[in-house]
Amino acid sequence: MRAILLGLAASFFFAFTFVLNRSMDLSGGHWTFSASLRFFFMVPLLLAVVAARGKVRPTFAHLAENLRAYLVWSTVGFGLFYAPLSFAAAYGEGWLVAGTWQVTIICGPLLVPFLLPFPQSRESFAQRLRYIPFRGMRWSALILVGVVLMQWEHASSISVKQALLCALPVVFAAFMYPLGNRRMMSVCGDDVDAFQRALAMTVASLPFFALVGMYGFFTHGAPSWGQAGQSLVVAVSSGVFATTLFFAATNLVRRDFSRLAAVEATQAGEILFALVGEILLLSEPLPAFMSLCGMALVVAGMILHSLRPAH
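A quick note: this is a predicted structure, and the numbers were derived from the prediction, not measured.

Caption draft 1: How the structure looks around the overall build of the chain. Check the secondary structure of the chain and you find 14 helices and zero strands. Relative to the 2.2 N^0.38 estimate, which gives 19 Å for 311 residues, the radius of gyration of the chain is 19 Å and therefore close to what a compact globule would have. Across its three principal directions, the C-alpha atoms of the chain cover 50 × 45 × 35 Å. By residue count, 52% of the 311 residues in the chain fall in the buried class. Pairs at least 24 residues apart make up 88% of the contacts formed inside the chain by residues separated by at least 6 positions. Taking the average location of the 20 positive side-chain charges in the chain and that of its 13 negative ones, the two points are 10 Å from each other.

Caption draft 2: Structural context of the packing of aromatic side chains. Tallying each qualifying case throughout the model produces 19 aromatic pairs. Aromatic pair Phe12 and Phe13: ring centres 5.1 Å apart, planes at 80 degrees, arrangement edge-to-face. Ring centres of Phe39 and Tyr82 lie 5.6 Å apart, and the angle between their planes is 65 degrees; this geometry places the pair in the edge-to-face category. Note that Phe39 is positioned in helix α2 (residues 31-52) and Tyr82 in helix α4 (residues 67-88), a separation of 43 residues in sequence.

Caption draft 3: Structural view of the side chain of Ser36. As for its position among the elements, Ser36 is in helix α2. Assessed through its relative accessible area of 4%, Ser36 is described here as buried. In this structure, Ser36 is in contact with Phe209 and Gly213, ignoring residues within four places of it in sequence.

Caption draft 4: Here's a closer look at the pattern of salt bridges. This model, assessed by the stated rule, comprises three salt bridges. Between Asp193 and Arg53 there is a salt bridge; the shortest N-O distance is 2.7 Å. Of this pair, Asp193 sits in the loop between α9 (160-188) and α10 (194-220) while Arg53 sits in the loop between α2 and α3 (56-65), and the two are 140 residues apart along the sequence. Residue Arg53 is classed as partly exposed on the basis of its relative accessible area of 40%. Between Lys55 and Asp193 there is a salt bridge; the shortest N-O distance is 3.0 Å. Remark: Asp193 occurs in the loop between α9 and α10 and Lys55 occurs in the loop between α2 and α3; sequence separation between them is 138 residues.

Caption draft 5: Geometry of helix α11 (residues 225-252). Its 28 residues give α11 an end-to-end C-alpha distance of 39 Å, which sits within 8% of 40 Å, the value for a rise of 1.5 Å per residue. Ala235 marks where α11 bends most, by close to 30 degrees.

Caption draft 6: Quick look at empty space enclosed by the protein. One pass over the structure, following the stated rule, counts one cavity of 30 Å³ or more. By volume, the largest cavity amounts to about 140 Å³. Around the largest cavity, the lining is made up of 16 residues, and of these Phe14, Phe81, Trp101, Tyr177 and Glu270 lie nearest the centre. Classifying every residue of the lining of the largest cavity gives nine nonpolar, four polar and three charged.

Caption draft 7: View of a nonpolar patch on the surface. Where nonpolar side chains cluster on the molecular surface, the patch consists of Leu8, Phe12, Phe16, Val233 and Phe273 and spans about 370 Å² of accessible area. The element contributing the most residues to the nonpolar patch is helix α1 (residues 2-26), with three residues. Checked against the element boundaries, Val233 lands in helix α11. Here Val233 falls in the partly exposed class, since its relative accessible area comes to 40%.

Caption draft 8: Fine view of the packing of α10 against α11. Contact geometry for α10 and α11: axes closest at 8 Å, N-to-C directions at 120 degrees. By the angle between their axes, α10 is oblique relative to α11. Seen from above, α10 lies across α11 with right-handed handedness. Contacts between α10 and α11 involve Ala194, Phe195, Arg197, Ala198 and Met201 from the former and Thr243, Thr244, Phe247, Ala248, Thr250 and Asn251 from the latter. The residue inventory of the contact of α10 with α11, partitioned by class, reads six nonpolar, four polar and one charged.

Caption draft 9: Up close: the environment of Ala222. Its location among the elements puts Ala222 in the loop between α10 and α11. The spacing of Ala222 and Val103 is 119 residues in sequence and 34 Å in space, taken between C-alpha atoms. Ignoring anything within four residues of it in the chain, the contact list for Ala222 reads Phe33 and Phe217.

Caption draft 10: Representation of the nonpolar core within the structure. One finds Tyr70, Leu85, Trp101, Tyr177 and Phe247 to be the most contacted residues of the largest nonpolar core, which totals 70 residues. Ranked by residue count, the leading element in this core is α1, at 10 residues. Tyr177 has contacts with Phe14, Gly77, Phe78, Phe81, Trp101, Phe246 and Phe247, leaving out every residue within four places of it along the chain. Within the second largest apolar cluster, five residues are counted, among which are Val76, Leu111, Leu115 and Leu179.

Caption draft 11: Spotlight on the side chain of Ser86. You can see Ser86 is positioned in helix α4. Classification of Ser86 by relative accessible area gives buried; the value is 3%. Sequence-distant contacts of Ser86, defined by excluding residues within four places in its chain, comprise Asn21, Trp31, Ser34 and Ala35.

Rules of the game
- Residues numbered from 1 in each chain as written.
- Predicted model: local features only at pLDDT ≥ 70, side-chain atom pairs only at ≥ 80, totals over all residues.
- Heavy atoms only, no water.
- Helix = DSSP H or I, 4+ residues; strand = E, 2+ residues; numbered from the N terminus.
- Rg over C-alpha atoms; globule rule 2.2 N^0.38 Å.
- Buried < 20%, exposed > 50% of the residue type's maximum accessible area, 1.4 Å probe, protein only.
- Contact = heavy atoms within 4.5 Å.
- Lys, Arg positive; Asp, Glu negative; His and termini not counted.
- Charge placed at Lys NZ, Arg CZ, Asp CG, Glu CD.
- Phe/Tyr/Trp six-rings, centres within 6.5 Å; stacked < 30°, edge-to-face > 60°.
- Salt bridge = Lys/Arg side-chain N within 4 Å of Asp/Glu carboxyl O.
- Expected span 1.5 Å × (residues − 1).
- Bend = angle between axes of the 7 residues up to and from the residue.
- 1 Å grid on protein atoms, 1.4 Å probe; cavity = no way out; pocket = protein on both sides within 12 Å on 5 of 7 lines; lining within 4 Å.
- Points joined across faces, edges and corners; volume = space filled by probe spheres on them.
- Nonpolar A, V, L, I, M, F, W, Y, C, P; charged D, E, K, R; others polar.
- Patch = residues over 30% accessible without salt bridge, like charges linked within 9 Å, V, L, I, M, F, W, Y side chains within 5 Å.
- Areas by Shrake-Rupley, 256 points an atom, 1.4 Å probe, with all protein chains shown as cover.
- Axes fitted to C-alpha atoms, helices over the stretch in contact; angles between N-to-C directions.
- Parallel < 35°, antiparallel > 145°, perpendicular 65-115°, else oblique.
- Left-handed = near helix turned anticlockwise from the far one by under 90°.
- Core = buried A, V, L, I, M, F, W, Y, C linked by side-chain atoms within 4.5 Å.

See below:
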């Protein structure tokens, strides 16, 4: 239950990403800066937290010892996760992006056959399929049905091109985030805590985000002060609070794929928090009855996951 509560708290802070990314797009900010500025702002923030805990030296020592793994999986788990999400904000409301993002609930468990430790990883692919927690995923499917209901009315009012430019990058990101996170969990083990892992992965992802930021600068000029300020808020809320809470939650259950899937399912709370945030901050209209039914299914699925995470 502790891991579930930590995951739910992380979903609250992650919701700021969707609301503020949409806000930055509506005010004319380019997605490249929404993506890159967040991670550059995260470095001093996380460094201060890790320094206060007296763990800076062992953190960078662990990064140096596993540099190749950090560079690869941080680029996957942070870079190829957040850049597509920022891009999608230009083509859909924050709650719509947050709703599409919930396919990660299914993506995480589906990656299990590719992430098994030795000797299970030497089995045939058909044999490895048995490690997918299909029984636990029935609650993930319930959450996904709720998400579809919430998006149904809005999706029917946009063009096919807009829908694809919003949905496909988010689906891609939904696979990249659990892939990078789970790979790094196997690399880090108990050697570093959640704050240390977040700092090391953020530092290792900076080459990727430097390229993204350079592309934005040379094609669209420098970001505005307003976009920089909102990116800083996202860095604090999503980059520091949400990421470390989520890492702490997944660390607690990293050896149990069923419970790990349950923790990842708590991120469905993002769509509820994002919708409320957009109503309050961006004056989005109240959801229709079908959307309210979808929210009820999402909440029900989250509760069922937390009550019976091992089944």
